[in-house]
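Listed below are the residues making up each chain.
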Amino acid sequence: MSAHFEELGWQQTAMGEISLRRRFEPTARVDVYEVKLGDEYLMSSLFTVAERELARLGLARTAGAELDVVVGGLGLGYTAQEALQDTRIRNLTVVEYSDAVIDWHNRDLLPDTAGLTADSRISLVCTDFFAAAASTTGFDPENPGRIYDAILLDIDHSPRHVLHQPHTAFYTREGMRALSAHLTPHGTFALWSDDAPDDQFLSILETVFTDVEAEEVPFDNPLTRGQSTNTIYLATRS
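Since we're looking at a predicted model, the values are computed, not measured.

This next bit is on the overall build of the chain. Looking only at helices and strands, one finds six helices and eleven strands in the chain. The C-alpha radius of gyration of the chain comes to 17 Å, within 12% of the 18 Å expected for a compact globule of 238 residues. Counting only C-alpha atoms, the chain reaches 55 × 40 × 35 Å along its principal axes. Looking at the 238 residues of the chain, the share that counts as buried comes to 52%. Residue pairs at least 24 apart in sequence account for 63% of intrachain contacts in the chain once pairs closer than 6 positions are excluded.

Structure below.
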């Protein structure tokens, strides 16, 4: 195996094979950690600004001194890590579909977020976020109906570009209504998207939530030597 490439872990799932690899990126001259689902790139340690902003922006509009927060999708851990920088966090529930991803973090295979799962405030739940969001049980099977101050989601590429077809139901008005039931009054829903702001999805959010906005987050792209953008949707339960 080349010193410039190493597959660190993989697992077959219902959505396809999920894998973690490390490779040397000659343009940026750094080791890059990437998660792939089949041939699709899910996330990269080269691009973490928007993943962190998901937590920062979502929590900035969340009131309260003792916050219970859900992160949908563990991935490389940047959103969860940023959320834990907020000293108001009492408990951070991270919902991850793949037990392999949880194992990568438990074994500290990712240098940037090593030690993440050792934080006493974090709880890892291995389940389907979208099924949990649609259910009355919610994200904590031991405490059915538990509600949260904020839900921060980074799983699909965007509301239109989903990783698994059943996820599309989540981005409808009915899906948003089901999600909102898991939030406290005035709780926050924040969503990462790889696409530009989607007016149709914003309209759907506005039928369920208040104070809805889509904030574009620019970041330097070392591969293009220019800037790229992601979108963070923000909404408040009435």
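Right, let's get into the sheet that holds strand β1 (residues 5–13). Spatially, β1-β2-β3-β4 is the arrangement adopted by the four strands of the open sheet, whose pairing is antiparallel. Only two strands of the sheet have a single partner each, and these edge strands are β1 and β4 (40–44). If you compare each strand with its neighbour and ignore which way they point, the axes differ by 25° on average.

Next up on the list: empty space enclosed by the protein. Going through the model one piece at a time under the given rule, you end up with two cavities of 30 Å³ or more. Every residue along the wall of the largest cavity is listed here: Met43, Ser44, Phe47, Glu51, Gly73, Leu74, Gly75, Leu76, Gly77, Tyr78, Thr79 and Asp154. Secondary-structure elements contributing two or more residues to the lining of the largest cavity are β4 and α2 (78–83). Looking at the lining of the largest cavity residue by residue, the classes come out as five nonpolar, five polar and two charged.

Despite not being glycine, Asp108 shows a phi value in the positive range, around 55°. Residue placement: Asp108 occurs in the loop between α3 (99–106) and β7 (122–126). The class of Asp108 is partly exposed, set by a relative accessible area of 42%. Of note, the phi angle at His186 is positive, near 70°, even though the residue is not glycine. Relative accessible area serves as the criterion here: at 57%, His186 is assigned to the exposed category.

Another point: the packing of helix α5 (residues 173–180) against helix α6 (residues 199–208). Relative orientation of the contacting elements α5 and α6 amounts to 45°, with a least axis distance of 9 Å. By the angle between their directions, the pair α5 and α6 is classed as oblique. Note on packing geometry: the crossing formed by α5 with α6 is right-handed. Contacts between α5 and α6 pair Arg173, Met176, Arg177 and Ser180 from the former with Phe201, Ile204, Leu205, Thr207 and Val208 from the latter. Partitioned by chemical class, the residues of the contact of α5 with α6 number five nonpolar, two polar and two charged.

Here Arg173 is to be found in helix α5. Each C-alpha atom of the pair Arg173 and Ser203 lies 9.2 Å from the other, and the pair is 30 residues apart in sequence. When sequence neighbours within four positions are dropped, the list of residues in contact with Arg173 reads Ile204, Thr207 and Val208.

What follows covers the sheet that holds β7. Read from one edge of the open sheet, seven strands run β7-β6-β5-β8-β9-β11-β10, paired in mixed fashion. Because the sheet does not close on itself, it has two edges, and the strands there are β7 and β10 (210–221). Looking at each pair of strands side by side, their axes are set apart by 20° on average, direction ignored. Judged from the six bridges that link them, strand β9 (residues 183–193) and strand β11 (residues 226–236) form a sheet pairing that is antiparallel. From the neighbouring strand, Ala190 faces β11, where its bridge partner is Leu234.

Attention shifts here to the pairing of strand β8 (residues 148–153). Taking burial as the measure, the six residues of β8 include six buried ones, the bulk of the element. Of the pairings in the sheet, the one linking strand β5 (residues 67–72) to β8 comprises four bridges and is parallel in character. Within β8, the position partnered with Val70 by the bridge is Ile151. Pairing between β8 and β9: five bridges, direction parallel. The residue of β9 that forms the bridge with Ile151 is Phe189.

As a further point, take the nonpolar core. Ranked by internal contacts, the top residues of the largest apolar core, which has 39 residues, are Val35, Val69, Leu92 and Leu152. For this core, the element with the highest residue contribution is helix α1 (residues 49–60), accounting for five residues. The contacts of Leu152, once residues within four sequence positions are left out, are Leu54, Ala55, Gly58, Val69, Val70, Val71, Gly72, Ala83 and Ala190. Counting 27 residues, the second largest nonpolar core, distinct from the first, contains Phe129, Phe130, Val162 and Val212.

Rules used in this analysis
Residues numbered from 1 in each chain as written. Predicted model: local features only at pLDDT ≥ 70, side-chain atom pairs only at ≥ 80, totals over all residues. Heavy atoms only, no water. Helix = DSSP H or I, 4+ residues; strand = E, 2+ residues; numbered from the N terminus. Rg over C-alpha atoms; globule rule 2.2 N^0.38 Å. Buried < 20%, exposed > 50% of the residue type's maximum accessible area, 1.4 Å probe, protein only. Contact = heavy atoms within 4.5 Å. Pairing = 2+ DSSP bridges. Axes fitted to C-alpha atoms, helices over the stretch in contact; angles between N-to-C directions. 1 Å grid on protein atoms, 1.4 Å probe; cavity = no way out; pocket = protein on both sides within 12 Å on 5 of 7 lines; lining within 4 Å. Points joined across faces, edges and corners; volume = space filled by probe spheres on them. Nonpolar A, V, L, I, M, F, W, Y, C, P; charged D, E, K, R; others polar. Parallel < 35°, antiparallel > 145°, perpendicular 65-115°, else oblique. Left-handed = near helix turned anticlockwise from the far one by under 90°. Core = buried A, V, L, I, M, F, W, Y, C linked by side-chain atoms within 4.5 Å.

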